[in-house]
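# Structural characterization, general
The chain contents come next:
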Amino acid sequence: MAADLSEFDLSSREGLQAMLDITPIHRWLGFEVSEFDAEQGTLTLVCSADGNASRFDGAPQSHGGALATLIDSAATFACSAAIGRPVPTMNIRVDYLRPAAGPRLEAYALVVKKGRTVSLVDVRVMSGGKLVAIGRCGQATGS
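Residues numbered from 1 in each chain as written. Predicted model: local features only at pLDDT ≥ 70, side-chain atom pairs only at ≥ 80, totals over all residues. Heavy atoms only, no water.

## Things to note about the overall build of the protein
Where we set the bar: A run of H or I in DSSP counts as a helix once it spans at least four residues, and a run of E counts as a strand once it spans at least two, with each numbered from the N terminus. The globule rule used for comparison is 2.2 Å times the number of residues to the exponent 0.38, while the radius of gyration itself is calculated over C-alpha atoms. Only the protein chains shown count as covering a residue, and every accessible area follows the Shrake-Rupley method with a 1.4 Å probe. As used throughout, the charge tally considers Lys and Arg to be positive and Asp and Glu to be negative, leaving His and the chain termini uncounted. For this purpose, a charge sits on NZ of Lys, CZ of Arg, CG of Asp or CD of Glu.
Scanning the protein for helices and strands turns up three helices and six strands. Reading the protein from its N end, one meets helices and strands in the order α-α-β-β-α-β-β-β-β. Relative to the 2.2 N^0.38 estimate, which gives 15 Å for 143 residues, the radius of gyration of the protein is 14 Å and therefore close to what a compact globule would have. If one aligns the C-alpha atoms of the protein with their principal axes, the spans along those axes are about 45 × 30 × 25 Å. When the accessible surface of the protein is summed, it comes to about 7500 Å², and 51% of that surface belongs to carbon and sulfur atoms. Each charge class in the protein was averaged separately, 13 positive and 15 negative side chains, and the resulting centres sit 9 Å apart.

See below:
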């Protein structure tokens, strides 16, 4: 049975985390909402860069798919908090800049345009103090 997404309080870190936690891949990768400001349209999502996010067992780098999932999720939750309701991603672009070899991944999302039908969110992913990927997501905000 599908979850009723309207039951989540998107104005609190706890509510955003609870909504994040209903998705198996988010739990598997260990995503955590670190900070957010709905009014400013910002959100920070973090996870371990190794374990389930690694390229292979024991690899010193994160898998690109884990980075893309982190970008998509950070954008979705930043926009959902800013809009006040869950919104889906309609497109995503990811640019990988260098291998993510730090102990942790940190995705910083910023809603750059909050539109009536489409919103745009930019995301920077840091690992080991270095910028490792950037992304832009279009979020379907129309009803």
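There's more to say after this.
## Considering the nonpolar core
Counted only if it meets this: Remark: nonpolar core denotes a set of buried residues (Ala, Val, Leu, Ile, Met, Phe, Trp, Tyr, Cys) joined through side-chain atoms within 4.5 Å. Relative accessible area decides the class of each residue, using a 1.4 Å probe on protein chains only: under 20% of the type maximum gives buried, over 50% gives exposed, and in between gives partly exposed.
Counting 36 residues, the largest nonpolar core has L43, L45, L105, V123 and V125 as its most contacted members. At the level of elements, α1 (13-21), β2 (42-48), α3 (64-83), β4 (104-113), β5 (118-127) and β6 (130-140) are the ones that each hand at least two residues to this core. Per-element accounting of this core gives the leading share, eleven residues, to α3.

## Things to note about α1
What counts, and what does not: Two residues qualify as a contact provided that any one of their heavy atoms is within 4.5 Å of a heavy atom in the partner residue.
For α1, the full list of buried residues reads G15, L16, Q17, M19 and L20. Elements in contact with the buried residues of α1: α2 (24-29), β1 (32-37), β2 and α3.

## Side note on the sheet that holds β2
Cut-off, in case you're wondering: Think of it this way: DSSP has to see at least two bridges between two strands before they count as a pair. Here an angle of 0 to 180 degrees is reported between the N-to-C directions of two axes, which are lines fitted to C-alpha atoms, with helices fitted over the stretch in contact.
Read from one edge to the other, the open sheet built from six strands follows the order β1-β2-β4-β5-β6-β3, with strand pairing classed as antiparallel. Looking along the sheet, the strands with just one partner apiece sit at the ends: β1 and β3 (89-96). Within this sheet the neighbouring strands show an average axis-to-axis angle of 20°, counted without direction. Where β2 meets β4, seven bridges bridge the pair, whose relative direction is antiparallel. Note on β4: the bridge partner recorded for L45 is A107. Sheet strands in contact with α1 are β1 and β2, and its direction is about 135° off that of β1. α3 contacts β1, β2, β3, β4, β5 and β6 of the sheet and is inclined by roughly 135° relative to β3.

## Here's the deal with the environment of G142
Mapped onto the secondary structure, G142 falls in the segment after β6. The partly exposed category is assigned to G142, whose relative accessible area is 33%. Spatially, the C-alpha atom of G142 lies 9.2 Å from that of S119, the residues being 23 residues apart in sequence. Residues within four places of G142 in sequence aside, it is in contact with R85, R116 and T117.

## Observations regarding α3
Filter applied, for reference: Expected span, for any helix, means 1.5 Å times one less than how many residues it has.
For α3, built from 20 residues, the straight-helix expectation of 28 Å at 1.5 Å per residue is met to within 8% by its first-to-last C-alpha distance of 28 Å. The buried fraction of α3 amounts to 16 of the 20 residues, a majority that puts the element mostly inside the structure.

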